[in-house]
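# Structure at a glance
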Amino acid sequence: MEQYVIKGGNPLVGEVEIGGAKNAALAILAASIMADETVTIDNLPDVRDINVLLGAIKGIGAIVERVDAHTVKINGSTISGMTVDYEYIKKIRASYYLLGALLGKYKKAEVALPGGCDIGSRPIDLHLKGFRALGAKVDIQHGLIAAEAEHLKGTHIYLDKVSVGATINIMMAAAMAEGKTIIENAAKEPHVVDVANFLNSMGAGIRGAGTDVIRIVGVEKLHKTEYSIIPDQIEAGTFMFAAAATRGDVTVKNVIPKHLEATTAKLLEVGCEVEEFDDAVRVVCAKPMNHTQVTTLPYPGFPTDMQPQMAVILGIAQGTSTVTESIFENRFKYVDELTRMGATIKVESNIAIITGVEKYTGARVSAPDLRAGAALVIAGLAAEGITIVDDIYYIERGYEHFEEKLASLGAQIEKVSSEKEIQKFTLKVS
Ligand code: EPZ
């Protein structure tokens, strides 16, 4: 088991490059099997979730050639099976994107039903509602979702709740259905747009992605393409908040500033300065931070994937703040860990009431999930003394070279795998 060990207190200063968006990449990799020609995908983040999904894609018989850490070629012409095992689904829920991709292409798919997860119950009823509306027969038996159709027929689908996953999964299946599909109340996240752009680059007819009505004219075949994934807005936001928490000065490069507007707005509210460039943002946070209120919402609202990082900032801001989580019911699992570092947070239902303290103090904590894990690292960077973050495999699901990027900004952080190494680090920094 590996840990991060951190000596806090250094302001982060310098420049950091952001990688490709994990959540866009997961859907794009799944969609790439829909062509029978070679699809080249670039700006792929080299993180655990991506590597698991590539395993699942290989597992159904597609050719997967990893050109380098950030580039992959996929050819779906050799697919021999329509069944995605629980082995993959249990490691990464997003393998369910293969349901939409296989159903669209072959009109048949079997994917293990994902269970609950670290951030709460994660239903997939809306995905299934969409497939059924397109004419598929969908059954759940023996832990498998089996979807099958003679023909998929375009239709009008209203999503009762805004869902990134359902929007993307339905969009993929509809891209190869007969006729026209309209998805209403669609998710507008940048990665929904990226997946639509990717499918269109393979010959799909998708219009309106990025608005709440997506119109899709189905095509019979998709063809080869070369595509570069958009930058990861959550990785970018995480570094922006790390800069703020440590009272640093960091330029976050290779980003689309428009995608960071909600994150930027909150940093301005707490009193940091944010300068926007064409493809970079600079965060300077010299003064003490102020309290504020934040509610997570679908894009363009404040992202739930930045909620724990926001709470960490507010934990050391002046006054009392509130953080309301409106997307997932169990995303405050980090609160007890942060309390061990000196935070004063009370959770009532889906609201965290945070009374700012002057500083965090280092402690041994465990990452409860991906984003909360990253947030605890930020707290450690801002804390007095040594913080050890356990269970960092969660963090490695979505952040590439996290500790190296932080160290390049002046953080004292190392990845270790034994008590001896922790002691060695502690001696070195004391
Ligand atoms: C995506 O999850 C992301 N994952 C999550 O990122 C992110 O937190 C989430 O969107 C919200 O932005 C990937 O893209 C792989 P949803 P997803 O469907 O698609 C409810 C991270 O840290 N819902 O938009 O699963 C659901 O319970 C991860 O990178 C239904 O009720 O999220 C939630 O309340 C974690 N029925 C809301 O909709 C459904 O069929 C939004 O979920 C589907 C969802």
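This text follows the structure it describes.
No experiment lies behind these values; they were computed from the predicted model shown.

Now for the overall build of the protein. What the protein contains, in helices and strands, is 15 helices and 24 strands. For 430 residues, the compact-globule estimate of 2.2 N^0.38 gives 22 Å, and the C-alpha radius of gyration of the protein, at 22 Å, lies within 12% of that figure. Dimensions of the protein, computed from the C-alpha atoms along their principal axes, are close to 65 × 45 × 40 Å. Of all 430 residues assigned to the protein, the portion counted as buried reaches 57%. Put simply, of all contacts in the protein between residues at least 6 apart along the chain, 73% involve residues at least 24 apart.

Moving on, we get to the state of the cysteines. Under the defined criterion, the tally for this structure stands at one disulfide. The disulfide that involves Cys272 links it to Cys285, with 1.9 Å between the sulfurs. In this structure the cystine formed by Cys272 and Cys285 twists about its S-S bond by roughly -55°; its chirality is therefore left-handed. One end of the pair, Cys272, is in the loop between helix H9 (261-269) and strand S16 (273-276); the other, Cys285, is in the loop between strand S17 (280-284) and strand S18 (293-295), and 13 residues separate them in sequence. Overall, Cys285 belongs to the buried group, its relative accessible area being 0%.

In this section: the sheet that holds strand S2 (residues 13-17). Strand order in the open sheet formed by four strands is S2-S15-S17-S16, and the pairing between neighbours is mixed. Either end of the sheet is taken by a strand with one partner, and the two such strands are S2 and S16. This sheet shows a mean twist of 15° between the axes of neighbouring strands, independent of strand direction. Sheet topology places strand S15 (residues 249-253) next to S17; five bridges connect them, and they run antiparallel. Paired with Thr251 across the two strands is Arg282, which belongs to S17. Against the sheet, helix H8 (residues 233-245) contacts S2, S15, S16 and S17, and its axis sits at roughly 170° relative to S15.

Take helix H2 (residues 48-59) next. With 12 residues, H2 should reach 16 Å at 1.5 Å per residue; the first-to-last C-alpha distance of 16 Å fits that figure. Listing the buried residues of H2 in full gives Asp49, Ile50, Val52, Leu53, Leu54, Ala56 and Ile57. In this structure, the buried side of H2 is in contact with helix H1 (22-32), strand S4 (63-68), strand S5 (71-75), strand S6 (83-84), helix H3 (86-89) and helix H4 (97-106). One or two positions beyond H2, positive phi appears at Gly61, with a value near 105°.

This part takes up the nonpolar core. Counting residues in hydrophobic clusters, the biggest one holds 84 residues, and the most contacted among them are Leu29, Leu98 and Leu199. Residues contacting Leu199, with those up to four places away along its chain left out, are Ala31, Met34, Met172, Ala204, Ile206 and Leu222. Ranked by size, the runner-up nonpolar core spans 73 residues in total, among them Ile234, Ala311, Val323 and Leu376.

As a further point, take the environment of Arg93. Turning to its location among the elements, Arg93 is positioned in the loop between H3 and H4. Between the C-alpha atom of Arg93 and that of Pro114, which follows or precedes it by 21 residues, the distance is 5.9 Å.

Below, the discussion takes up the pattern of salt bridges. Considering all chains together, one arrives at 21 salt bridges under this definition. In this structure, Asp46 and Arg66 form a salt bridge, with 3.1 Å as the shortest nitrogen-oxygen distance. Here the residue Asp46 occupies a position in the loop between strand S3 (38-42) and H2, and Arg66 occupies one in strand S4, the gap between them amounting to 20 residues. Classification of Arg66 as partly exposed rests on a relative accessible area of 31%. Residue Glu384 is joined to Lys359 by a salt bridge in which the shortest nitrogen-to-oxygen separation is 3.5 Å. With Glu384 in the loop between helix H12 (370-382) and strand S23 (386-390) and Lys359 in the loop between strand S21 (351-355) and strand S22 (364-366), the pair connects residues that are 25 residues apart, well separated along the chain. A residue is classified by how much of its surface remains accessible, and Lys359, at 40% relative accessible area, is partly exposed. Where salt bridges share partners, they join Lys22, Asp49 and Arg397 into one cluster.

Conventions and cut-offs
The numbers attached to residues start from 1 for each chain and follow its sequence in the written order. Only residues with pLDDT of at least 70 get local features here, since the model is predicted, and only at 80 or more are side-chain atom pairs given and counted; chain-wide, interface and lining totals rely on the full set of residues. For the side-chain quantities, the full set of heavy atoms in the structure was used; hydrogens and water were omitted. Numbering of helices and strands runs from the N terminus, with a helix taken as a DSSP run of H or I at least four residues long and a strand as a DSSP run of E at least two residues long. Radius of gyration here uses only the C-alpha atoms, and the compact-globule reference equals 2.2 Å multiplied by the residue count raised to the power 0.38. The cut-offs for exposure are 20% and 50% of the maximum accessible area for each residue type, with area from a 1.4 Å probe on protein chains only; residues under the lower value are buried, those over the upper are exposed, and the others partly exposed. By definition in these notes, contact holds between two residues if any of their heavy atoms fall within 4.5 Å. In what follows, a disulfide is any cysteine sulfur pair within 2.5 Å. By definition, two strands form a pair when at least two bridges between them are found by DSSP. Interaxial angles span 0 to 180 degrees and are taken between N-to-C directions of axes, which are lines fitted to C-alpha atoms, for helices over the stretch in contact. Expected span of a helix, by definition, is 1.5 Å for each gap between consecutive residues, and there is one gap fewer than residues. Joining through side-chain atoms within 4.5 Å is the link that ties buried Ala, Val, Leu, Ile, Met, Phe, Trp, Tyr and Cys residues into a set, and such a set is a nonpolar core. Salt bridge, as used here: a side-chain nitrogen of Lys or Arg that lies within 4 Å of a carboxyl oxygen of Asp or Glu.

Keep in mind that these numbers describe shape and distance, not what the molecule does.
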